[in-house]
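Fold and geometry: a report
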Amino acid sequence: MATFWAAVLAAVSVTAGAAHPIYEVVATGGTAKEDEEPLFRAGWMTDTHIGKTRESCARVKMALELFRKFDVDAVINNGDIADHYYPTGYEAYRAIMDETFADAKKKPQEIYAWAWHDVYEWNGPRVRESTTEQRAACYADVAKRLGIPHKMTDKITVNGYTFLVFPQWTSDCEYGDKKGAEAYEQAVADAEAAAGGKPVFVVDHLPPAATVANSVTWGNGYRRKFFENHPGVIHLSGHAHGSLRDENNIWQGNFTAVNATCLQVWQGDSTGIDEPSKENYGALVIEGFADRIVFRRFDVRDGAEYKRFDPWCVPWPFDPKTAPYSIARRRESTPVPAFAAGARPEVRADAPFTGFTLALPPVAEGGDAAYRYRISIAEKTAQGWRPFKTVEKFTQFYLRPAERSSEMTLKFSSGYFETGKTYRFEVMPVNFFEVAGSPIFAEAVAPAAKKPQLLWKSDDPMTELKFIADDDGTEDGKPVPKKDGWYVLTDGLRRLVIPPKVWDVPKGTTLRFTADLEIVQPDDRESRIYNVQLMRFKPVLSTACGRIRTPRGESGVQRYVIEFSKSNGVPYSFVVREGASGKVKFHSVKIERID
């Protein structure tokens, strides 16, 4: 296997170096075919979320300029081309595409997947819903403005390789005399049968569930089940957002899935906190050879390739028994991250005390060795340490080395702590495949803090508050069933209804919402995990925080503190959403004024 990979890297490096000066020729051992050129090249981006102006297409322009350097045969956009339906944005995109390739050696084929954001507001401001007929009409309009050369469901051939393009909604698929999921399935089956052993590329907005990064929450279960029986497919997706430096964005099981992340912003699915948005500038170049498909990852700002001498390389024909990107195989082969000897986290008490800032040391092996910090906070009691807060925070892996700081910090509100009590912070580095290194520790005593104004509290929310299956902002939803003192959960959205009167404070008031609860749910990588969120529903849907992922398995009592500025008089509910089968118990809920 080592000889094979050395030969692959040598062949690709030498070939690209000869045809494209941005590569360097590197001797990696093995036998290289110095005259080997790929059978096709495709530039690939997704979730560009452009706005109304030409300026909003700046990242698209940088990606297209990168693709032109490679003389690509095709350019792929996997959907959410615009943030909402923006006619002027699509027209600007078209103009930039034409200008970029005006005097290129060849004009690439264009492939576009159709996705929800491109339909959002088609029927008017803030209209989220759409019908099959409305999506078809919107697609016809956008196809004209963008010059899309294919149908919403279509088969495109690029230098002898098949690319199937599908809309986000399987109900919108049409293939021959078939419609809906039947059309989707028949198109894949026919293409795979006719491919002659070559991979079939499925250009799709939604990833199959529990494959690539963030797809446990943002993936599609139907697609996952269907493609389990189609090993000849390489599924190309968007939608989940993320970083191309995330090694979880290629996955192999009984088929292969790859995600192009986004040319926009992403948050990810960190546990226990509302992860801040991060800018992303990633795009790929796909190179097809007779015995492998190579996925090269680039930063469009400067065209620098990430892991240029170790691209994602999928050997073909596909064999699930030896597939290099299976989770189990990578978990075994990826080094366990470690902190340097003597490294310790530092706990800094803000003055005046509004919380602790936890300073996290770098991982000894370097910035790309660890994916997350896993942090557990415990309170010292007479019986020992009582953990009450679990956080998984991304490291700086997603930044270029020059952009990384010497330390990372994470702020914990004083709402987590009680004056005079001792707390222990345990920190572990975790690699991309959830293997954790040895922990390091720090302790701190919580100093006195300004006492907030208590607006409302429930010490028995299981009996004092309604917990309902309802997402329209009323209190008339169906009660969530109880069993043995727990609410029984399934997939969907469940709301803990907070009395409207407790939100009756002036606009602009800074509030702190605190909830202590425990959740029992599956402890495996492929099950959907519950997220919690503070939301209001009327007059328009809005949130006080992003989705906060809950810990897998039996969480124990976890504390969630959400601080925000009240924007209007509409009440918020505390929402438990997504997830697989599980159960939840609320221990206490309170709202304080902290400004």
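Refer to the structure above for everything that follows.
All values derive from a computational prediction rather than experimental measurement. (Residues numbered from 1 in each chain as written. Predicted model: local features only at pLDDT ≥ 70, side-chain atom pairs only at ≥ 80, totals over all residues. Heavy atoms only, no water.)

Details of the overall build of the protein
Looking only at helices and strands, the protein features nine helices and 37 strands. Its C-alpha atoms give the protein a radius of gyration of 25 Å, within 12% of the compact-globule value 25 Å for 595 residues. Taking the principal axes of the C-alpha coordinates as reference, the protein spans close to 70 × 60 × 45 Å. With 595 residues in all, the protein has 56% of them scored as buried. For the protein, the computed accessible surface area is about 24,400 Å², with 50% contributed by carbon and sulfur atoms. (Helix = DSSP H or I, 4+ residues; strand = E, 2+ residues; numbered from the N terminus. Rg over C-alpha atoms; globule rule 2.2 N^0.38 Å. Buried < 20%, exposed > 50% of the residue type's maximum accessible area, 1.4 Å probe, protein only. Areas by Shrake-Rupley, 256 points an atom, 1.4 Å probe, with all protein chains shown as cover.)

With respect to the nonpolar core
Ranked by size, the top nonpolar core spans 39 residues in total, and within it M45, L64, F67, V75, Y93, W114 and L146 carry the most contacts. Put simply, the parts of the chain that give this core at least two residues each are helix 2 (58-69), helix 3 (87-100), helix 4 (132-146) and strand 14 (282-289). (Core = buried A, V, L, I, M, F, W, Y, C linked by side-chain atoms within 4.5 Å.)

Section: the environment of N229
Here N229 lies in the loop between helix 7 (221-227) and strand 9 (233-237). Residue classification places N229 among the exposed residues on the basis of a relative accessible area of 60%. Sequence-wise, N229 and R245 are 16 residues apart; in three dimensions their C-alpha atoms are separated by 29 Å.

Thoughts on the packing of helix 3 against helix 4
Relative orientation of the contacting elements helix 3 and helix 4 amounts to 35 degrees, with a least axis distance of 8 Å. Across from P87, Y90, E91, Y93 and R94 in helix 3, the residues of helix 4 making contact are V142, R145 and L146. In terms of residue class, the contact of helix 3 with helix 4 is built from five nonpolar, no polar and three charged. (Axes fitted to C-alpha atoms, helices over the stretch in contact; angles between N-to-C directions. Contact = heavy atoms within 4.5 Å. Nonpolar A, V, L, I, M, F, W, Y, C, P; charged D, E, K, R; others polar.)

A closer look at the sheet that holds strand 5 (residues 161-165)
As summarised here, the arrangement of the six strands in space is 4-5-8-9-11-10, forming an open sheet in which the pairing is mixed. Looking at strand neighbours, the two that pair on one side only are strand 4 (154-158) and strand 10 (250-252), the edges of this open sheet. The sheet shows a mean angle of 20 degrees between the axes of neighbouring strands, taken without regard to direction. Bridge analysis of strand 10 against strand 11 (residues 256-259) gives three bridges, and the strand direction is antiparallel. Each residue of the ladder has a partner; that of W251, found in strand 11, is A257. (Pairing = 2+ DSSP bridges.)

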